[in-house]
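# Architecture at a glance
Each chain, written out:
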Amino acid sequence: MMLKTPNEIDIVRAKSSKITEVDFENLSFGNIFTDHMLVCDFKNGKWEKPIIKPYEPFLIDPSAKVFHYGQAIFEGMKAYKDNQDDVWLFRPDENFHRFNKSASRMAMPEVPEDIFIGGLKTIVDLERDWVKKGLGNTLYLRPFMIAIGSGVIAQPSTQYRFMIILSPARSYYQGEVKVIIAEHYSRAANGGIGAAKAAGNYSAQFYPQKLAQEKGFQQIIWTDDATHTKLEEAGTMNVFFRINDTIITAPVSERILDGVTRKSLIALAKREGINIEERDVLVNEIVKAAKDGSLKEIFGAGTAAVVSPIVGFQYQEHYYELPKLENSLAMHLKEEITKIQYKLADDTFGWTVKI
Ligand code: COI
């Protein structure tokens, strides 16, 4: 994919950079932002000229629809630096298309390619010193859109703000990830917004996630809302299960996010000759496999989480621990995707895009 440059984009540079104050070795996820942000408003039925300016708070009306009705969507992406100091994005076209699918589902205007992709290119280029070399170092990119039109009538806004903010990041999870299988709460329902990357999909998880965390679990594996018998997605990640030498993951649906890392791992597994199935994953079969020892691995996959092994899960008050493996397929796939992202292996898929 060629990155489109926006026709016009104003840049107001920060007077000084905060970069020297940042401890890049000890980053907790998503707390530090670079010197600039991109802002582009939608008004009177059209997108205005984007501007990149110093990162700072901004004012919006207290009645803005984002506050009252949660009309907000986002994407998660990363930039990587290779050993030659070149900076790369990973499958930005996927995020661009998914962002606009989320926009339509939330009755928001689509963002044109020159603003989304061209804006990313311009701001990442401007902030390239924030992308550090070395495996594990990334610049997390957060494009998002909020409804800024005022008035508490429950209707879609007529004014929107698209923004891109950037945060240097290493790992999302610190330490082991244990999960609990949802038996009561649900993340999404058929006909709902589960497949959109809508802010409300995440805040709806906060309460059940808090209950899970109080019991010592980092995440919940969501089950289908109708029967709670099928395993679907884990909070911030898609989820994969390895039974003997076969990996299975739920097919994307209107309840499940079409993850970019998810689809990349599936393609990589197929290339490596690993058996991988996209099909319903039944809670019963995973519990049975955990009991008879054929369940070898569970792992989450997402932009922020990359590939995160899960050490055990709880279901119906029983905790099942997973074996510690020498030949982890999760770790193998993580290595393969990482090598492509950092340009340490040939990108035969054409996934990486140079800034
Ligand atoms: C990502 O993986 O980029 C996400 O958007 C998940 C987010 C909750 C950190």
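Keep in mind that what you see is a predicted model, and the values were worked out from it rather than measured.

## Describing the overall build of the protein
Looking only at helices and strands, the protein features seven helices and 20 strands. Relative to the compact-globule value of 20 Å for 355 residues, the protein shows a C-alpha radius of gyration of 21 Å, a close match. For the C-alpha atoms alone, the extent of the protein along its principal axes is close to 60 × 55 × 35 Å. Considering the protein as a whole, with its 355 residues, one finds that 42% of them fall into the buried category. Residue pairs at least 24 apart in sequence account for 72% of intrachain contacts in the protein once pairs closer than 6 positions are excluded.

## Quick look at helix 5 (residues 260–271)
Taking 1.5 Å as the rise per residue, helix 5 with 12 residues should run 16 Å; its terminal C-alpha atoms sit 17 Å apart, in good agreement. Looking one or two places after helix 5, you find Gly273, whose phi comes out positive at around 75°.

## What to know about the site of the ligand
Neighbouring residues of the ligand: Gly76, Tyr202, Thr236, Gly302, Thr303, Ala304 and Ala305. Considering only residue class, the shell around the ligand consists of three nonpolar, four polar and no charged.

## Points about helix 2 (residues 92–105)
Taking 1.5 Å of rise per residue, the 14 residues of helix 2 would be expected to cover 20 Å, and the 20 Å separating its terminal C-alpha atoms lies within 8% of that figure. Looking one or two residues beyond helix 2, the residue adopting positive phi is Ala107, at roughly 55°.

## Focus: the domain arrangement of the protein
For the protein, the assigned domains are domain 1 (10–170) and domain 2 (178–341). Taking only C-alpha atoms, the centre of domain 1 and the centre of domain 2 are 27 Å apart. With 21 residues of domain 1 at the interface, the matching set in domain 2 holds 13 residues. If you list the elements that add at least two residues to the side of domain 1 that touches domain 2, you get strand 5 (72–74), strand 6 (77–81) and helix 2. Looking at which element gives the most residues to the side of domain 1 that touches domain 2, the answer is helix 2, with six residues. Taken together, the residues that form the side of domain 1 that touches domain 2 break down as 10 nonpolar, four polar and seven charged.

## Observations regarding the packing of helix 5 against helix 7 (residues 329–341)
At a minimum axis separation of 10 Å, helix 5 and helix 7 run at an interaxial angle of 105°. Taken as axis vectors, helix 5 and helix 7 run roughly perpendicular relative to one another. Every residue of helix 7 that contacts helix 5 at Ser264, Leu265, Leu268 and Ala269 is listed here: Leu333, Glu336 and Ile337. By residue class, the composition of the contact of helix 5 with helix 7 is five nonpolar, one polar and one charged.

## Considering the confidence of the model for the protein
The predicted model of the protein has a mean per-residue pLDDT of 95, with 98% of residues at 70 or higher. Interface confidence for the predicted complex, expressed as ipTM, amounts to 0.96; the pTM equals 0.94.

## Re the pairing of strand 4 (residues 51–54)
Sheet topology places strand 1 (residues 10–11) next to strand 4; two bridges connect them, and they run parallel. Looking at the pairing, Asp10 lines up with Ile51 of strand 4. When strand 2 (residues 36–43) meets strand 4, the two strands line up antiparallel, connected through four bridges. Bridge pairing in strand 4 places His36 opposite Pro54.

Conventions and cut-offs
- Residues numbered from 1 in each chain as written.
- Predicted model: local features only at pLDDT ≥ 70, side-chain atom pairs only at ≥ 80, totals over all residues.
- Helix = DSSP H or I, 4+ residues; strand = E, 2+ residues; numbered from the N terminus.
- Rg over C-alpha atoms; globule rule 2.2 N^0.38 Å.
- Buried ≥ 20, exposed ≤ 12 C-beta atoms within 10 Å, placed from the backbone.
- Contact = placed C-beta atoms within 7 Å.
- Expected span 1.5 Å × (residues − 1).
- Near = placed C-beta within 6 Å.
- Nonpolar A, V, L, I, M, F, W, Y, C, P; charged D, E, K, R; others polar.
- Domains from an automatic or database assignment.
- Axes fitted to C-alpha atoms, helices over the stretch in contact; angles between N-to-C directions.
- Parallel < 35°, antiparallel > 145°, perpendicular 65-115°, else oblique.
- pLDDT = per-residue confidence, 0-100.
- Pairing = 2+ DSSP bridges.

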